[in-house]
Amino acid sequence: MDVATRPPVARVQLVRETRFGVTLDDPYRWMEDPGDPDIDRWLNGQAAYSRSVLTALPHRRSLLERIGSLSGDREILSEFTLADDRVFHLHRGIGAAVSALVVRDGDTSRVLLDPSATPGQEHSVIDWYVPSPDGRYVACAVSQGGSTDATVCVVDVDRAALLGDAVKVGDGFFSWLPDCRTFVYHRYREAAVD
């Protein structure tokens with residue numbers, strides 16, 4: 001059977017565990033192991049099947065052109081936040097794949113952090129950001145490669161420069177303390193590896 005004519009079937013390997021008195025069955029836990037060669041075979045099979053279906057769509061070219069005209073050819077400004085007299089927001093420019101963090105001081109806008117300029121083979125995105133109440137610093141959660149784990153880095157707004165250390169966080173709570181230099185955050189424990 002040609003993998004492009006039908007979607008591949010993922011193997012089922014049941015893992016059963018009990019947490020807090022509740023028994024859970026997970027037939028696809030094996031997919032969480034990035035070293036398992038079956039993952040690449042399954043993903044490549046899914047990609048080949050998707051490509052075969054999408055390529056066969058009637059009027060595909062005109063559909064792609066219309067989608068492009070509605071989505072990729074305009075700027076998107078989102079997630080506005082005010083801190084002191086500065087306005088922060090995310091900005092995705094025309095043709096850009098991801099949004100950059102921008103600050104507006106009066107009539108001037110500047111890019112503070114552009115994840116598309118992050119070195120490495122994996123793409124990076126800004127998951128969320130929180131400016132300090134005085135607008136001098138911004139904590140930015142950046143994730144790479146589609147991960148749900150983010151790294152929080154702090155940007156000095158005046159210099160548009162990253163400060164020293166970064167901390168790994170999950171998805172979670174973050175808050176600046178009243179001194180505008182200290183913050184608290186929620187961090188999940190590392191999962192135990194069996």
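Within each chain, residue numbers correspond to sequence positions counted from 1 in written order. Local features in this predicted model are restricted to residues of pLDDT 70 or higher, and side-chain atom pairs are both shown and tallied only at a pLDDT of 80 or more, whereas totals for entire chains, interfaces and linings draw on every residue. The side-chain numbers reported here are obtained from all heavy atoms of the structure, hydrogens and water having been left aside.

J.: Is there a simple way to explain the sheet that holds strand E3 (residues 76-83) in this structure?
T.: Pairing between sheet strands relies on hydrogen bonds along the backbone, with the strands arranged either parallel or antiparallel. Across the sheet, four strands lie side by side as E3-E4-E5-E6; this open sheet has antiparallel pairing. The open sheet has two edge strands with one neighbour each: E3 and strand E6 (108-113). Mean inter-strand twist for the sheet, computed between neighbouring axes without regard to direction, equals 30°. Strands are labelled as partners when DSSP assigns at least two bridges between them. Note on conventions: DSSP H or I runs of at least 4 residues are helices, E runs of at least 2 residues are strands, and numbering of each starts at the N terminus. Between N-to-C directions, angles cover 0 to 180 degrees, with each direction set by a line fitted to C-alpha atoms, over the stretch in contact for helices.

J.: Just checking my understanding: could you explain the pairing of strand E10 (residues 161-169) for this structure?
T.: For a regular strand, side chains alternate in direction, first toward one face of the sheet and then toward the other. Across six bridges, strand E9 (residues 150-156) lies against E10 in antiparallel orientation. From the neighbouring strand, Thr151 faces E10, where its bridge partner is Lys168. In this antiparallel pair of consecutive strands, E9 and E10, the connection spans four residues, and Ala160 shows a positive phi of 50°.

J.: I'm lost on helix H1 (residues 37-55) in this one. Help?
T.: Helix length check: H1 (19 residues) gives 27 Å between terminal C-alpha atoms against 27 Å at 1.5 Å per residue, within 8%. In protein, a polar contact requires one atom able to donate a hydrogen and another able to accept it; more generally it is a pair of N or O atoms within 3.5 Å, and residues adjacent in sequence count only if both atoms are side-chain atoms. With a side-chain oxygen lying 2.8 Å from the backbone nitrogen of Asp38, the N-terminal cap of H1 falls on Asp36. Expected helix span is given by 1.5 Å per residue-to-residue step, counting one fewer step than there are residues.

J.: Whenever I open this one, the packing of aromatic side chains confuses me. Can you help?
T.: A ring pair, where both rings are aromatic, is described by two values, the distance of the centres and the angle of the planes. Working definition: rings of Phe, Tyr and Trp (its six-membered ring) pair if their centres are within 6.5 Å, and the pair is stacked with planes under 30 degrees apart, edge-to-face with planes over 60 apart, and tilted otherwise. Per the stated rule, a full pass over the model turns up five aromatic pairs. Ring geometry for Tyr137 and Trp176: centres 6.3 Å apart, planes at 25°, overall stacked. On the criterion of sequence distance, the pair formed by Tyr137 in strand E8 (residues 137-144) and Trp176 in strand E11 (residues 174-176) is long-range, its members being 39 residues apart. Per-residue accessibility, obtained with a 1.4 Å probe over protein chains only, is compared with the maximum for each type, and a residue is labelled buried under 20%, exposed over 50%, and partly exposed between these values. Relative accessible area serves as the criterion here: at 12%, Tyr137 is assigned to the buried category. The exposure class assigned to Trp176 is buried, which follows from its relative accessible area of 10%. Measuring from centroid to centroid gives 5.9 Å for Phe174 and Trp176, while their planes differ by 80°, and the two rings are edge-to-face. A single burial state applies to Phe174 and to Trp176, both of which are buried. These aromatic residues form a ring-pair network of at least three members: Trp128, Tyr137, Phe174, Trp176 and Phe183.

J.: Mind showing me how you'd approach a nonpolar patch on the surface here?
T.: Patches here are clusters of residues that have more than 30% relative accessible area and form no salt bridge, with a 9 Å joining cutoff for like charges and a 5 Å cutoff for nonpolar side chains (Val, Leu, Ile, Met, Phe, Trp, Tyr). Per-residue and other accessible areas follow the Shrake-Rupley method at a 1.4 Å probe size, with only the shown protein chains counted as cover for residues. Basic side-chain nitrogens of Lys or Arg form a salt bridge, by our definition, when they fall within 4 Å of a carboxyl oxygen of Asp or Glu. Residues Leu54, Leu57, Leu63 and Ile67 make up a contiguous nonpolar surface patch of roughly 320 Å² in combined accessible area. The topology assignment puts Ile67 in helix H2 (residues 60-71). Residue Ile67 is classed as partly exposed on the basis of its relative accessible area, which comes to 45%.

J.: When you look at the layout of surface pockets in this model, what are you seeing that I'm missing?
T.: A probe matching the size of a water molecule, rolled over the atoms, marks out where space remains unfilled. Points on a 1 Å grid over protein atoms alone make up a cavity when a 1.4 Å probe fits among them but cannot get out, and a pocket when they form an open set with protein on both sides within 12 Å along at least five of seven lines; lining residues each have an atom within 4 Å of a point. Grid points are joined across faces, edges and corners, and a volume is the space filled by probe spheres set on the points. Considered as a void within the structure, the second largest pocket measures approximately 250 Å³ in volume. In this structure, the second largest pocket is lined by 14 residues; those nearest its centre are Ser124, Val142, Ser143, Gln144 and Thr151. Put simply, the parts of the chain that give the lining of the second largest pocket at least two residues each are E8, E9 and E10. Partitioned by chemical class, the residues of the lining of the second largest pocket number five nonpolar, six polar and three charged. Residues are grouped as follows: nonpolar covers Ala, Val, Leu, Ile, Met, Phe, Trp, Tyr, Cys and Pro; charged covers Asp, Glu, Lys and Arg; every other residue, Gly included, is treated as polar.

All quantities given are derived from atomic positions and should not be read as evidence of function.
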